[in-house]
Amino acid sequence: QWIDFILVNSNGMAENYLLWLLGSLERNSEHPLATAIVQHVEQNLSIEYLETKPFVQPHNFRAITGRGASGIINGSVSVAIGNRPYADMQRVEISPQVEEIMCHLEMNGKTAIIAAVDGSIQVVVGIADALKPDAAASIKYLQQVMKKEVYMVTGDNI
């Protein structure tokens, strides 16, 4: 998977701490996008950082299928990550700047989600699946041998 991690407002928060918050929240989710975010966080935080500050279990963890997840980290830090409808559910305002970034990511075939800390969007994340090595051959077989019209339909940006 390919991930774009675009910092839009750190409010003075260190990027490593922000990554750590997202990793702590998303490690509880079984969603493939959450797994990709945790892998990204683990690849971008040093081993030393994670040894001194391992992920913590969030309180009030809540995941809504097809929308996002939220929870409280360290007893007081509210973290939410999800799509536009989830941001609306969390009463997180998407600024025109953030909307523009999200649209750009989506136009490039990525699923765009936002990450908010204490109600303020900090990061826009764009995630794209890597093509499977045999995808082109499979599609070619369906088109040429089986004479099928092939379309790809996903629900990621609905």
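Description of the structure in this document.

Turning our eyes to something else, we now look at the pairing of strand S5 (residues 111–117). Within S5, seven of the seven residues are buried, which leaves it mostly tucked inside the rest of the structure. Every second residue of S5 is oriented toward a common face, with Thr-111, Ile-113, Ala-115 and Val-117 on one face and Ala-112, Ile-114 and Ala-116 on the other, all of them buried. As defined by bridge partners, strand S4 (residues 77–82) adjoins S5 across four bridges and the pair is classed as antiparallel. Bridged to Val-79 within S5 is Val-117. Alignment of S5 against strand S6 (residues 120–128), held across seven bridges, turns out to be antiparallel. Looking at S6, one finds that Val-117 is bridged to Ser-120.

This next bit is on the environment of Val-150. With respect to the helices and strands, Val-150 occurs in the segment after helix H6 (135–144). Judged by its relative accessible area of 30%, Val-150 falls in the partly exposed class. Residues Val-150 and Lys-140, spaced 10 residues apart in sequence, show a C-alpha to C-alpha distance of 9.2 Å. Residue contacts for Val-150: discarding those within four places in its chain leaves Ile-139, Leu-142 and Gln-143.

Strand order in the open sheet made by the six strands is S1-S6-S5-S4-S3-S2, with antiparallel pairing throughout. In this open sheet, the two edge strands, each paired with only one partner strand, are strand S1 (2–7) and strand S2 (59–64). Shown here is a sheet whose adjacent strand axes are inclined to one another by a mean of 15 degrees, direction ignored. Across six bridges, the pairing between S1 and S6 is antiparallel. Looking at S6, one finds that Phe-5 is bridged to Val-125. Helix H1 (residues 15–26) rests against S1, S2, strand S3 (68–73), S4, S5 and S6 of the sheet, and its axis sits at about 70 degrees to S4.

Analysis parameters
- Residues numbered from 1 in each chain as written.
- Predicted model: local features only at pLDDT ≥ 70, side-chain atom pairs only at ≥ 80, totals over all residues.
- Heavy atoms only, no water.
- Buried < 20%, exposed > 50% of the residue type's maximum accessible area, 1.4 Å probe, protein only.
- Helix = DSSP H or I, 4+ residues; strand = E, 2+ residues; numbered from the N terminus.
- Pairing = 2+ DSSP bridges.
- Contact = heavy atoms within 4.5 Å.
- Axes fitted to C-alpha atoms, helices over the stretch in contact; angles between N-to-C directions.

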